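# Structural features, examined
In case you want the letters, here they are:
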Amino acid sequence: MMLGRTAQNLFWLSRYVERAENMARLLEVGYRMSLTSRREGGSSEHLMSMMQAAEVDEAFAAKHKTADVDTVAHFMMFDPDNSSSVYSCLQAARTNARSVRTAITTDMWESMNGAWLEYAQIKPRDVRGAKLLGLLQWVKQRSHEFRGALLGTILRDDGFAFLQAGNFVERADNTARILDMKYYVLLPRATLVGGDLDIQQWTLILRAASAHRSYRHVYHDRYKAQNITDFLILRPEMPRSLNFCARFVQQNLDLLADFYGRKQECQEAASQLLAMVEDTSMDKIFSHGLHEFLTEFIARNNRVTDTLSDSYNFY
Amino acid sequence: MAETAPFDEMYNADGSVREPYRALNAWLEEQPDKALTLMQSDAEAIFRKLGITFAVYGSEEGTEKVIPFDVIPRIIAAQEWRKLSKGIEQRVKALNAFLYDIYHRQEILKAGRIPEKLILQNAAFAPEMMGLEPAKGVYAHIIGVDIVRVGPDEFYVLEDNLRTPSGVSYMLEDREAMMQLAPDLFHRCKVAPVETYPENLRRTLESVAPGGAGQSPNIAVLTPGIYNSAYFEHSFLADQMGAQLCEGPDLFVDGGKVYMRTTTGPERVDVIYRRIDDDYLDPLTFRPDSMLGVPGLFNAYRAGNVTLVNAPGTGIADDKAVYTYVPEIIEFYLGEKALLNNVPTYNCTDEEQRNWVLANIADLVVKEVHGSGGYGMMVGPTSSKAMHAEFRKKIEARPDNYIVQPTLALSTCPTYVNAGVAPRHVDLRPYVLVGDRVRITPGGLTRVALKKGSLVVNSSQGGGTKDTWVLED
């Protein structure tokens, strides 16, 4: 037996941990893009497109006039007014964890609590420039640690399924957004699709998904847009691909249905999400439009959350 | 009383070590320099990592603080404990009998042993409870009795906490931390276990479940939520005894029965260990503006469909003014003399006593009748003249709002402080469970005033805690 509120908190706990990690990944890409930008004003443009992908661009523009590296990094890492900043995510995750201490293991709690306590101690002005990448790395590591504690200690019951569902719904959302970032980064007129800058940008997107090494294992090839999108959308063995995440979401909702002994509407929503990446090909996706495909995917993914909330009495 | 040297728990007046402390003393002497300093910082790290915190309202440092923990345990001999626990058991039995009587025939009032006005016009008296039959006749199931020691055989009860006594999680975590920090010391002493508390709490709660709840009743801990100062304890206890940790909105009443909102729909609740004050329990019966409780809960309780622990209205028995009558209460219901002393208490509504109090205020302790947590009190010997004047005015304005007691020379216990090991004043809160029988956990929470000379041990006033060892024969 589990309170609806507990299920909700577990779901959001792992979503926020995953989101903190992905905000760090996104910022890393934006930061690296801005460092390697060859054009006047390109740095600011890259940073804005990164924030567009994270859907925090409007909130940023409401507070700041120009997007330079320090301002954006601060906004993405430390700003409590930005509900997706690493600070806000870790705080929300820790608050959720505190509310459901009875439903998570000591190892999970200590990992979460420790991460928050350490992060809250950091002085933003100490992590400018070179130190920033180190801190982004730290955020990713703490997220790994939490997931490790989760996988290593928690009972495989309904709580586990809610945590996993939250984790992979969030990751699917983030991978879709990271890919969509390429849409927002416009190539300069003189540069052709498939040119150096284009490839460089795709490479950074791979890097954002920590996939630049594993790419080689799968394709034995140069970085190519076609392969990279295939890798991040369709490949079932890539743990951050849309296919992989959708499959995991579906599996965990099935687990819940088994556990409670009844089918729910959210399973249908998850099936629809999975169908999007199972019954298609990169040719179809590109001819339909990558951005359109991703927008539809994000919408269906949101529907999974909505129906899950209804099915299991989140409130 | 204030002038004489306080009783030292560890050393006799001639400097020799008292029997129960021999092993500890030898161990302390063997510790290399800095060992205690290291232990102390390890302890701090353990507590912070576990998130054993309490919230300090209005604190600048944020809402959560780690309660200071002292690495030197307080030790109580087996025969001392036997005496104490007998006295405690007597007290909680009498207080429960008193509560039953007050909410039924009120014989103690009819017999004129307690002034009627003191009870019936008291804010802690709940007329809604009249005539109600709680399971097993128990009102106060979970009790923390505050006790101080002033001599080898002299113990005083300062207060009976019958509403929502807190701190039991510190007792358990202090033990856990101590076992991690000084396992070798445990090998040398036979320490009675406290780890059975959560299991005993569960048994106690099960034993007072309403009839028809079945073999394994559904138990919920009702918390005001994560911003409450004792939230850590609420989640800790729910976790340890395998109960659901609920907030008001998680529960609802339908057809006079209480349900939880679960992932599979409504689930019946049998026993609620509530950590919400009476006033906030049910907006339909008590404060209508409260969002913490559950609408209709009190009716479900009255109908006997759910057990509330502790029962509403128990506060009348730990009221500071009623406290002075506890020896009477024990005699009236049990026909026995009180085994534990009350602190002599002056009644300021009596003119003669009030004048004496006003003249001698610098030597006295003044407490607000409805104050708690060390707020609204004044310790004469350590307060300024301005404070004395302020409290004189307060007493003159509202004599019935204050109780006044002599300053007790609280015993001291060696404590780790910046300068090394030094005596600091302590008190003791043993935890009692009353259900189908009385269960007292050996030991309790020792609170220690970390400031030199201070007699105020509350965590909200800078006090810390110590592990408390009851030795077995």
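As the structure is a computational prediction, the values presented were derived from the model and not from experiment. (Residues numbered from 1 in each chain as written. Chains lettered and ligands numbered in written order. Predicted model: local features only at pLDDT ≥ 70, side-chain atom pairs only at ≥ 80, totals over all residues. Heavy atoms only, no water.)

### Notes on the overall build of chain A
Helix and strand counts for chain A come out as 15 helices and zero strands. Each principal axis of the C-alpha distribution contributes one length, and for chain A these read about 60 × 50 × 35 Å. Among the 315 residues that make up chain A, the fraction classed as buried is 58%. Residue pairs in contact within chain A that sit at least 24 positions apart in sequence constitute 67% of those at least 6 positions apart. Carbon and sulfur atoms form 50% of the exposed surface of chain A, whose accessible area is close to 13200 Å². Once the 37 positive and 38 negative side-chain charges of chain A are each reduced to a mean point, those two points are 5 Å apart. (Helix = DSSP H or I, 4+ residues; strand = E, 2+ residues; numbered from the N terminus. Buried < 20%, exposed > 50% of the residue type's maximum accessible area, 1.4 Å probe, protein only. Contact = heavy atoms within 4.5 Å. Areas by Shrake-Rupley, 256 points an atom, 1.4 Å probe, with all protein chains shown as cover. Lys, Arg positive; Asp, Glu negative; His and termini not counted. Charge placed at Lys NZ, Arg CZ, Asp CG, Glu CD.)

### Thoughts on the sheet that holds strand β7 (residues 244-246) of chain B
Residues and elements named next belong to chain B. Ordered by their spatial adjacency, four strands build an open sheet running β7-β6-β11-β12, and the pairing between neighbours is parallel. The open sheet terminates on both sides in strands that have one partner only, identified here as β7 and β12 (307-309). Each strand of the sheet is rotated relative to its neighbour by a mean of 25°, with strand direction disregarded. Pairing of strand β11 (residues 271-274) with β12 involves three bridges; the strand directions are parallel. Counted as the bridge partner of Y273 is V309 from β12. Its contacts with the sheet place helix α9 (residues 231-241) against β6 (219-222), β7 and β11, and it is angled at close to 150° to β7. (Pairing = 2+ DSSP bridges. Axes fitted to C-alpha atoms, helices over the stretch in contact; angles between N-to-C directions.)

### Regarding the interface of chain B and chain A
It is common to give the size of an interface as the accessible area that goes away when the parts come together. At the junction of the two partners, chain B supplies 27 residues and chain A supplies 25 residues. For the chain B and chain A pair, buried surface summed over both sides reaches about 2300 Å², with 48% attributable to carbon and sulfur atoms. A per-residue breakdown of the area chain B buries against chain A is headed by B:K49, B:I226 and B:T263, which together make up 27% of the total. Among the ionic pairs, B:D250 bridges to A:R5, the shortest N-O distance being 2.4 Å. Our count for the contact surface shared by chain B and chain A stands at twelve residue pairs in polar contact (both at pLDDT 80 or more). Counting only elements with at least two residues in the side of chain B that touches chain A, the list comes to α2 (35-50), α9, β7, β9 (257-262) and β10 (265-268) of chain B. Considering each element in turn, the side of chain B that touches chain A owes the most residues, five residues, to α9(B). (Buried area = accessible area lost by both parts, 1.4 Å probe. Salt bridge = Lys/Arg side-chain N within 4 Å of Asp/Glu carboxyl O. Polar contact = N/O pair within 3.5 Å; in protein donor to acceptor, adjacent residues only side chain to side chain.)

### Quick word on the pairing of strand β15 (residues 364-368) of chain B
All names here are of chain B. With four of its five residues buried, β15 lies for the most part within the structure. Looking at chain direction, β15 and strand β17 (residues 402-406) are connected through five bridges and run antiparallel. Looking at the pairing, V366 lines up with V404 of β17. Pairing between β15 and strand β16 (residues 377-379): three bridges, direction antiparallel. In the strand pairing of β16, V365 is matched with V379.

### Quick word on the packing of helix α1 (residues 4-36) of chain A against helix α4 (residues 69-77) of chain A
Geometrically, a packed helix pair is captured by the angle between its two axes and the distance between the axes. Residue and element names in this part refer to chain A. One way to put it is that α1 packs onto α4 with a least axis distance of 10 Å and a crossing angle of 175°. It follows from the interaxial angle that α1 and α4 lie roughly antiparallel. Packed against α1, whose contacting residues are M23, L27, Y31 and S34, the element α4 presents V69, V72, A73, M76 and M77 at the interface. Considering only residue class, the contact of α1 with α4 consists of eight nonpolar, one polar and no charged. (Parallel < 35°, antiparallel > 145°, perpendicular 65-115°, else oblique. Nonpolar A, V, L, I, M, F, W, Y, C, P; charged D, E, K, R; others polar.)

### Examining the sheet that holds strand β14 (residues 346-347) of chain B
Here four strands make up an open sheet; going across it, the order is β14-β17-β15-β16 (chain B) and the pairing antiparallel. What marks the edges here is a single partner per strand, and that holds for β14 and β16 of chain B.

### Section: the environment of B:F286
Residues and elements named next belong to chain B. Position of F286 relative to the elements: it lies in the loop between β11 and α10 (297-302). Overall, F286 belongs to the buried group, its relative accessible area being 15%. Remark: the alpha-carbon pair of F286 and A126, spanning 160 residues in sequence, is separated by 9.9 Å.

### A closer look at the packing of aromatic side chains
The geometry of two aromatic rings is summed up by the distance between their centres and the angle between their planes. Enumeration according to the criterion identifies 32 aromatic pairs over all chains in this entry. Through a chain of ring-to-ring contacts, three or more aromatic side chains come together here, namely A:F11, A:W12, A:Y16, A:F162, A:F259, A:Y260, A:Y312 and A:F314. The lysine or arginine in question, A:R156, covers the ring of A:F160, its NZ or CZ lying 4.3 Å from the ring centre. Between the NZ or CZ atom of B:K394 and the centre of the ring of B:F391, over which it lies, the distance is 4.6 Å. (Phe/Tyr/Trp six-rings, centres within 6.5 Å; stacked < 30°, edge-to-face > 60°. Lys NZ or Arg CZ within 6 Å of the ring centre and 35° of its normal.)

### Considerations on the confidence of the model for chain A
For chain A, per-residue confidence averages 90 on the pLDDT scale, and residues scoring 70 or more make up 95% of the total. No element of chain A has a lower mean pLDDT than helix α9 (residues 196-208) of chain A, at 79, and none a higher one than helix α12 (residues 242-260) of chain A, at 97. (pLDDT = per-residue confidence, 0-100.)

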